[in-house]
Amino acid sequence: MPGLMATREEYGPSQPLKGARIAGSLHMTIQTAVLIETLQALGADIFEWPNGETANMILDDGGDATLLILLGADAEKDPSILDNPSNEEETALFDTIKRRLAKQPNWYSTVKANIKGVTEETTTGVLRLYQRQKAGTLPFPAINVNDSVTKSKFDNKYGCKESLVDGIRRGTDVMMAGKIALVAGYGDVGKGSASSLRGAGARVMVTEIDPICALQAAMDGFEVVTMDEGAPRADIVITATGNKDVLTVDHMKSLKDMAIVGNIGHFDNEIQVEALKNFKWANVKDQVDMITFPDGKRMLLLSQGRLLNLGNATGHPSFVMSASFTNQTLAQIELWTRGDQYGNEVYVLPKHLDEKVAKLHLDKVGAQLSTLSEEQADYIGVSVEGPFKTDQYRY
Ligand code: NAI
């Protein structure tokens, strides 16, 4: 993880995170462990405190820690918001909050008041933050790490390109070449996923609701179909949208016998897993279930509809997570040391830091960077050291 190692070297001596108590909700992988060690090496305390102290920073992936704190604080004022959970996850979350409030009635508002900022890793969590910003209910500054170019255009895309097929193979040992696969969503995760399946020899179809992404998929050589049309033809269906009810029970009933279904988006509600509870389940092995429909057709569901690249495999490789987590670390330093210069809005890291993260990873892949002459830099209107693109540039 060259970015994290370089960050430790550069910032370790000055301890910029001294005094920061960082809490978060992240997938626990070996790469996350290296992130935690890095934050500690820069002076931070991580995750739980026995002596009544609470977090003063959040480092989130999907927005769950932020949601817990803010929902808990809202529930202190209006406990009735916890009355009607809509699924198992919400039931568990609401119960956690109720238990805490029974013991410490002001705990969530105390934590909320202490938080100086949140740095958010992924698309879905960022979406939640922007919704709060719009509603005027974001109580602290946030840095959207996901939209650093060196995060979403690398982790979401190249990370899933490695880890999607890895998860399907470890879960099923199926021969991928020659199979027909269907990927729902052609954003960054969908692009990596479709490419991953194609690389393994599958013929890949894509569904999209956004005409720009649909056109990209078509011009990348994928057949763009609706789920109604694609599902009955597919051997493998993967959701990558961050949306809900993308693969419905009716779609699943229309699949071929023994089709493989999994999600690499955010939540298990991309696939209507709750509704599958009415059918016969057999656990084939850890994180692989076979569901039999009333007509006798069977379906293999990976990771119960949760992220299959983390459930059936070990997530993304360390190299790409190094880029993501270097962004996280720089964002934590920025909010902890200069948070008072930010309002309660969602920000992205400045482009020179994004370029810095990329630069820290070039050596490892043997890439030699060219350098502009002063004249060339003047000609294209940038400085020799960068930033090399405007904020509008799309990569
Ligand atoms: P994105 O916004 O770039 O792409 C999502 C795409 O899905 C969009 O193009 C959108 O138009 C499309 N979409 C939405 N509803 C749809 C529907 N009903 N049918 C077909 N297409 C639909 O988001 P990104 O970055 O690709 O992330 C997608 C999800 O994956 C998010 O929930 C994100 O948090 C998660 N994620 C998962 C990772 C993993 O390792 N498993 C890594 C990074 C992100």
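Cut-offs used in this document
- Residues numbered from 1 in each chain as written.
- Predicted model: local features only at pLDDT ≥ 70, side-chain atom pairs only at ≥ 80, totals over all residues.
- Heavy atoms only, no water.
- UniProt positions renumbered as here; feature names shortened; annotations may be inferred.
- Axes fitted to C-alpha atoms, helices over the stretch in contact; angles between N-to-C directions.
- Helix = DSSP H or I, 4+ residues; strand = E, 2+ residues; numbered from the N terminus.
- Parallel < 35°, antiparallel > 145°, perpendicular 65-115°, else oblique.
- Left-handed = near helix turned anticlockwise from the far one by under 90°.
- Contact = heavy atoms within 4.5 Å.
- Nonpolar A, V, L, I, M, F, W, Y, C, P; charged D, E, K, R; others polar.
- Salt bridge = Lys/Arg side-chain N within 4 Å of Asp/Glu carboxyl O.
- Buried < 20%, exposed > 50% of the residue type's maximum accessible area, 1.4 Å probe, protein only.
- Phe/Tyr/Trp six-rings, centres within 6.5 Å; stacked < 30°, edge-to-face > 60°.
- Lys NZ or Arg CZ within 6 Å of the ring centre and 35° of its normal.
- Pairing = 2+ DSSP bridges.
- Near = heavy atom within 4 Å.
- Polar contact = N/O pair within 3.5 Å; in protein donor to acceptor, adjacent residues only side chain to side chain.
- Areas by Shrake-Rupley, 256 points an atom, 1.4 Å probe, with all protein chains shown as cover.
- Core = buried A, V, L, I, M, F, W, Y, C linked by side-chain atoms within 4.5 Å.

- An unreviewed UniProt entry lists the chain under the name Adenosylhomocysteinase (S-adenosyl-L-homocysteine hydrolase) (AdoHcyase), from Durusdinium trenchii.
- The chain has a UniProt comment under Cofactor (unreviewed entry) that states "NAD(+)".
- If you open the UniProt record of the chain and go to Sequence similarities (unreviewed entry), you find "Belongs to the adenosylhomocysteinase family."

### Notes on the packing of helix α7 (residues 149–172) against helix α8 (residues 188–199)
Axis angle and axis distance: for two packed helices, these are the angle between their axes and the distance between the axes, and together they describe the pair.
Part 1 of the argument: Where α7 contacts α8, the axes come no closer than 7 Å and their chain directions differ by 40°. As far as their axial angle goes, α8 and α7 are oblique. Once α7 is placed against α8, the crossing between them reads as right-handed. Contacts from Ser-152, Lys-153, Asn-156, Lys-157, Cys-160, Lys-161, Leu-164, Val-165 and Ile-168 in α7 reach Asp-188, Val-189, Gly-192, Ser-193, Ser-195, Ser-196 and Leu-197 in α8.
Part 2 of the argument: Split into classes, the residues belonging to the contact of α7 with α8 amount to six nonpolar, six polar and four charged.

### Remarks on the pattern of salt bridges
Part 1 of the argument: Taken as a whole and judged by the stated rule, the model has 15 salt bridges.
Part 2 of the argument: With a closest N to O distance of 4.0 Å, Arg-21 and Glu-53 form a salt bridge. On the criterion of sequence distance, the pair formed by Arg-21 in strand β1 (residues 21–25) and Glu-53 in the loop between β2 (45–46) and β3 (57–60) is long-range, its members being 32 residues apart.
Part 3 of the argument: The class for Arg-21 is buried, based on a relative accessible area of 18%.
Part 4 of the argument: In this structure, a network of salt bridges that share partners links the residues Glu-88, Glu-274 and Lys-277.

### Considerations on the packing of aromatic side chains
Part 1 of the argument: Enumeration according to the criterion identifies six aromatic pairs in this entry.
Part 2 of the argument: A cation sits over an aromatic face here: Arg-198 above Phe-222, 3.9 Å from the ring centre.
Part 3 of the argument: Here Lys-389 stacks its cationic end above the ring of Tyr-393, 4.9 Å away from the centre of that ring.

### As for the sheet that holds β3
Part 1 of the argument: Sheet architecture is open: six strands sit in the order β2-β1-β3-β4-β5-β14, paired in parallel fashion. In this open sheet, the two strands that pair with only one neighbour each are β2 and β14 (346–347).
Part 2 of the argument: Relative to β3, β1 runs parallel, the two being bridged by four bridges. Each bridged residue has a counterpart across the sheet, and for Ser-25 the counterpart in β3 is Asp-60.
Part 3 of the argument: Seen against the sheet, helix α6 (residues 123–135) touches β4 (118–120), β5 (142–144) and β14 and runs at an angle of roughly 135° to β4.

### Examining the site of the ligand
Part 1 of the argument: Around the ligand, the structure places 25 residues, and the nearest of them are Thr-122, Thr-123, Thr-124, Val-189 and Glu-208.
Part 2 of the argument: The contact in question runs from an oxygen atom of the ligand to an N or O atom on the backbone of Asp-188, over 3.2 Å.
Part 3 of the argument: Isolated, the ligand exposes 850 Å² of accessible area, and the fraction of that covered by the protein chains is 84%.
Part 4 of the argument: Going through the elements one at a time, α6, α7 and α8 are the ones with two or more residues in the shell around the ligand.
Part 5 of the argument: Residue classes in the shell around the ligand are distributed as seven nonpolar, 14 polar and four charged.

### Let's talk about the UniProt feature "domain: S-adenosyl-L-homocysteine hydrolase NAD binding" (unreviewed entry) in the chain
Part 1 of the argument: Following the UniProt record, one finds the feature "domain: S-adenosyl-L-homocysteine hydrolase NAD binding" (unreviewed entry) at residues 156–315.
Part 2 of the argument: This span, residues 156–315, is 34% helix and 23% strand, and a straight line between its end C-alpha atoms measures 11 Å.

### Describing the side chain of Asn-146
Part 1 of the argument: Residue position: Asn-146 is located in the loop between β5 and α7.
Part 2 of the argument: Given the relative accessible area of 4%, Asn-146 is considered buried.
Part 3 of the argument: At 3.1 Å, the side chain of Asn-146 forms a polar contact with the side chain of Lys-151.
Part 4 of the argument: With residues up to four places along the chain from it excluded, the contact list for Asn-146 reads Glu-120, Glu-121, Thr-122, Thr-123, Val-126, Lys-151, Ser-152 and Asn-156.

### What about the nonpolar core?
Part 1 of the argument: Grouped together as the largest cluster of nonpolar side chains are 31 residues, with contacts concentrated most on Leu-17, Ala-20, Ile-22, Leu-39, Ala-44 and Phe-325.
Part 2 of the argument: Those elements that place two or more of their residues in this core are α1 (2–11), α2 (30–41), β3, α14 (318–338) and α15 (351–360).
Part 3 of the argument: For this core, the element with the most residues is α14, which contributes nine residues.
Part 4 of the argument: Apart from the residues lying within four places of it in its own chain, the contact partners of Phe-325 are Met-1, Leu-4, Leu-26, Gln-31, Thr-32, Leu-35 and Glu-121.
Part 5 of the argument: If you look at the next biggest cluster of nonpolar residues, it comprises 28 residues, including Val-183, Tyr-186, Leu-197 and Ala-202.

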